[in-house]
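Each chain, letter by letter, is given below.
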Amino acid sequence: MARVKHESRWYPLESEESVLDGLLRQGVAVPNACRAGACQSCLMRALSGEIPEAARVGLKDTLRTQGYFLACVCKPVAGTELEVAGADALRVPARIDSLTLLSASVLRVRLSTDAPFDYRAGQYVSLLRADGLARSYSLASLPREGLLELHVRLIPGGAMSGWLAREARVGDTVAVQGPAGSCFYVPGHPEQPLLLAGTGTGLAPLHGIVRDALESGHTGPIWLFHGARTPEGLYLMDALRELAARHSGFHYRPCVLTGGSRDVAEGALDVLIRAECPRPVGFRAWLCGDSGMVLSLRKKLFLSGLSLKDLHADAFLPSAPRVEPVGAR
Ligand SMILES: Cc1cc2nc3c(=O)[nH]c(=O)nc-3n(C[C@H](O)[C@H](O)[C@H](O)COP(=O)(O)OP(=O)(O)OC[C@H]3O[C@@H](n4cnc5c(N)ncnc54)[C@H](O)[C@@H]3O)c2cc1C
């Protein structure tokens with residue numbers, strides 16, 4: 001059996017149980033969301049003891065060297081004794097500056113932080129409510145804009161999106177942890193064609209990346225495909241059309257599964273991409289949004305010649321069901 005020490009108390013882990021599940025089961029509050037090693041909401045720091053390598057996959061070197069790990073995928077081998085602490089040192093207090101609907105189902109949340117927050121457009125953060133509820137959101141803003149902009153899809157019964165839509169107020173204090181992820185534009189090869197594709201609020205990071213690339217002087221063609229089920233699921237259309245009018249190399253292609261029109265293509269996102277960019281060899285690509293779409297498109301683009309090193313993807317994994325403490329079941 002492995003044991004975990006947290007705030008001077010030891011907690012036994014069951015066989016194959018993660019540090020996160022073990023602590024939650026025994027009543028220790030640890031922020032968490034996807035519980036699949038993707039969202040980084042459950043970051044913890046090992047003060048002593050051996051961390052399995054699988055619990056550090058995807059973490060920046062600066063975090064690894066300080067002992068940070070993902071508690072949801074950390075399953076120490078039997079006999080391990082781990083002393084852990086939370087990731088409070090990585091959190092920055094933030095204030096809600098504005099809450100604005102971008103469409104009936106997408107809320108724009110703007111946050112300001114007292115301390116400077118260093119990030120690249122397109123990366124994601126964990127947003128933490130005062131009671132520890134945590135969810136990941138991609139950054140649609142550019143660092144020079146001096147605020148953090150999130151696009152939050154309103155999900156019926158959603159804990160964080162419901163709170164933001166109905167109860168949160170301008171001036172409320174939250175915290176942000178991060179940034180994380182490799183979905184961002186790196187200057188260099190300004191002539192390289194860029195392909196960005198997303199569904200729903202997958203547009204958030206792509207909007208940041210496109211503007212970053214254009215402001216960095218990217219000269220190659222840039223294709224942005226935004227998919228939704230119906231036209232109501234599209235947003236920022238005017239802003240993106242204006243951007244396309246100002247930059248002849250930028251091509252904005254909205255598409256829907258049903259209800260297309262003269263300006264909005266009807267059909268599957270991957271079919272539209274294949275029609276417009278049939279041979280994406282030598283492209284750089286970013287894919288964000290629904291996890292099924294991201295995985296399937298990633299495979300299709302790879303098979304049509306796009307190199308894996310040029311493929312960046314953030315799958316918006318939903319939160320996992322809550323683990324109830326012992327005695328609450
Ligand atoms: C790296 C990363 C980046 C992300 N970026 C964004 C972003 O920029 N914008 C954004 O809106 N979201 C983003 N997400 C998803 C986000 O973190 C939350 O999962 C989402 O907002 C739902 O949280 P909630 O608390 O409102 O709903 P929850 O309380 O978590 O969920 C309520 C119910 O809805 C289900 N559910 C949750 N999400 C979905 C979904 N997409 N489709 C169907 N059912 C669902 C849950 O399983 C649950 O049953 C990202 C996720 C990851 C991992």
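Higher on the page you've got the structure.
Just so it is clear, the structure is predicted and the values come from calculations on it, not from any experiment.

## Focus on the site of the ligand
Neighbouring the ligand are 21 residues, the closest being S136, R153, M160, S161 and S319. Y137 places a polar side-chain atom, nitrogen or oxygen, 2.9 Å from an oxygen atom of the ligand. One of the side-chain N or O atoms of S319 is found 2.4 Å from an oxygen atom in the ligand. Burial of the ligand by the protein chains amounts to 77% of its free accessible area of 950 Å². Counting only elements with at least two residues in the shell around the ligand, the list comes to strand 9 (134–138), strand 10 (148–153) and helix 3 (159–166). Top contributing element to the shell around the ligand by residue count: strand 9, with four residues. Broken down by class, the residue content of the shell around the ligand amounts to eleven nonpolar, eight polar and two charged.

## Observations regarding the nonpolar core
In this structure, V19, L23, L43, M44, F69 and L82 are the most contacted members of the largest nonpolar core, which totals 28 residues. Mapped onto this core, the elements with two or more residues apiece are helix 1 (19–25), strand 3 (43–48), strand 4 (68–70) and strand 5 (81–85). For this core, the leading source of residues is helix 1, giving four residues. For V19, the residues in contact, after removing those within four places along its chain, are V4, L13, M44, F69, A71, C74, P76 and L82. Ranked by size, the runner-up nonpolar core spans 26 residues in total, among them Y185, I209, I222 and Y235.

Definitions and limits used
Residues numbered from 1 in each chain as written. Predicted model: local features only at pLDDT ≥ 70, side-chain atom pairs only at ≥ 80, totals over all residues. Heavy atoms only, no water. Near = heavy atom within 4 Å. Polar contact = N/O pair within 3.5 Å; in protein donor to acceptor, adjacent residues only side chain to side chain. Areas by Shrake-Rupley, 256 points an atom, 1.4 Å probe, with all protein chains shown as cover. Helix = DSSP H or I, 4+ residues; strand = E, 2+ residues; numbered from the N terminus. Nonpolar A, V, L, I, M, F, W, Y, C, P; charged D, E, K, R; others polar. Core = buried A, V, L, I, M, F, W, Y, C linked by side-chain atoms within 4.5 Å. Buried < 20%, exposed > 50% of the residue type's maximum accessible area, 1.4 Å probe, protein only. Contact = heavy atoms within 4.5 Å.

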